[in-house]
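Take a look at the letters that make up each chain.
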Amino acid sequence: MRRSYIAGNWKMNMTASEGVVLAKELVAAAAGCTAKVLIAPPFTTIPAVREVVKGTNIRIGAQNMSDSESGAHTGEISVLMLKDLGLDAVILGHSERRMIYGEKDAFINRKVKLALAHDLEVILCVGETLEEREAGTVEEVVKTQLVGGLEGLSKEDMKQVVIAYEPVWAIGTGKTATPEDADNVHAYIRAEIEKLFDKEAADDVIIQYGGSVKPGNVKELMAKENIDGALVGGASLKSELFIPIVTYDL
Ligand code: 13P
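Residues numbered from 1 in each chain as written. Predicted model: local features only at pLDDT ≥ 70, side-chain atom pairs only at ≥ 80, totals over all residues. Heavy atoms only, no water.

Enquirer: What should I look at first to understand the overall build of the protein in this one?
Expert: Secondary structure summary: the protein contains 11 helices and eight strands in total. At 17 Å, the protein has a C-alpha radius of gyration in line with the 18 Å of a compact globule built from 250 residues. In terms of principal-axis extent, the alpha carbons of the protein reach across some 45 × 45 × 35 Å. The 250 residues of the protein split such that 54% are buried. (Helix = DSSP H or I, 4+ residues; strand = E, 2+ residues; numbered from the N terminus. Rg over C-alpha atoms; globule rule 2.2 N^0.38 Å. Buried < 20%, exposed > 50% of the residue type's maximum accessible area, 1.4 Å probe, protein only.)

This is the structure in structure tokens:
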């Protein structure tokens, strides 16, 4: 039985003081929720938010990290620094990293391996653009991102990996994949995980959906067999939107 997993990606929003206010509201509201919950604040906001969520059921992740452990990488953040902050997870391969900063699968794969080597959970994002969807290449695109991102991982490693399917055209646009469309892609991802590893790994892997998840659509998305969670952007920035998502099943 897969436990549902709701994550909020704050992206480049929220100063430390703003983040503390939001995190406090979330701690109070999420105390009894059954889903696993994670928030990913920007790096500079993490220490203050971590203090607020310490000892609660809310976990903290980073939104990215370097593919190197240390050295001459001006402006980058190392996995050692994330571990030093006591983080639980890191989001890798987000479409904004892929599209704006040109991150490729091999580069993302190095980060995935480094994060796992340091015992961080990885949320690996995959998803197609509108052009790719219209060209009928969704499965091809997602497969390439999965195979490239998970290259060299063992079945054991997969226990620490979550996949987030985020169709790029649905991110921040208010357009959501229909629950049926999303579930079909999730089923495809699960089948690919089975091919890459085995049935147990495929049955156990948590696959989150991301792209304009809101209080009004979370229940129908989560009702689908292969949708195990949500990776929420915009709606994770407001407690009145994120709390109903996190507690969708209460
Ligand atoms: P929105 O929920 O704002 O569409 O963003 C989704 C996302 O990119 C989460 O990583």
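Enquirer: Can you walk me through the site of the ligand in this structure?
Expert: In the vicinity of the ligand, 13 residues are found, and the nearest of them are Lys-11, His-94, Gly-172, Ser-212 and Gly-234. Here an oxygen atom of the ligand and a side-chain polar atom of His-94 are 2.8 Å apart. Here an oxygen atom of the ligand sits 2.9 Å away from a polar atom, N or O, in the main chain of Gly-233. Residues that form the shell around the ligand fall into these classes: four nonpolar, seven polar and two charged. (Near = heavy atom within 4 Å. Polar contact = N/O pair within 3.5 Å; in protein donor to acceptor, adjacent residues only side chain to side chain. Nonpolar A, V, L, I, M, F, W, Y, C, P; charged D, E, K, R; others polar.)

Enquirer: Would you mind going over the side chain of Glu-166 with me for this structure?
Expert: Position of Glu-166 among the secondary structure elements: in the loop between strand E6 (161-165) and helix H8 (179-196). Among buried Asp, Glu, Lys and Arg side chains, Glu-166 stands out as unpaired, with Lys-11 the closest opposite charge at 6.0 Å. In this structure, Glu-166 is in contact with His-94, Cys-125, Val-126, Gly-127, Glu-128, Ile-171, Gly-210, Gly-211 and Leu-231, ignoring residues within four places of it in sequence. (Lys, Arg positive; Asp, Glu negative; His and termini not counted. Salt bridge = Lys/Arg side-chain N within 4 Å of Asp/Glu carboxyl O. Contact = heavy atoms within 4.5 Å.)

Enquirer: Help me out: how do you make sense of a nonpolar patch on the surface in this one?
Expert: Taken together, Met-99, Ile-100 and Tyr-101 make up a surface patch of nonpolar side chains, about 370 Å² in accessible area. By the element assignment, Ile-100 lies in helix H4 (residues 95-100). For Ile-100, a relative accessible area of 59% corresponds to the exposed category. (Patch = residues over 30% accessible without salt bridge, like charges linked within 9 Å, V, L, I, M, F, W, Y side chains within 5 Å. Areas by Shrake-Rupley, 256 points an atom, 1.4 Å probe, with all protein chains shown as cover.)

Enquirer: What am I meant to see in the packing of aromatic side chains here?
Expert: The geometry of an aromatic ring pair is captured by two quantities: the separation of the ring centres and the angle between the planes. Taken as a whole, this structure holds one aromatic pair when the rule is applied. Taking the centre distance of 6.3 Å and the plane angle of 55° together, the rings of Tyr-165 and Tyr-209 count as tilted. Residue Tyr-165 is found in strand E6, and its partner Tyr-209 is found in strand E7 (residues 207-210); the two are separated by 44 residues along the sequence. The pair Tyr-165 / Tyr-209 is uniform in exposure class, with both members buried. Seen from the ring of Tyr-5, Lys-36 lies directly overhead, with NZ or CZ sitting 4.5 Å from the centre. (Phe/Tyr/Trp six-rings, centres within 6.5 Å; stacked < 30°, edge-to-face > 60°. Lys NZ or Arg CZ within 6 Å of the ring centre and 35° of its normal.)

Just distances and angles here, no functional claims.
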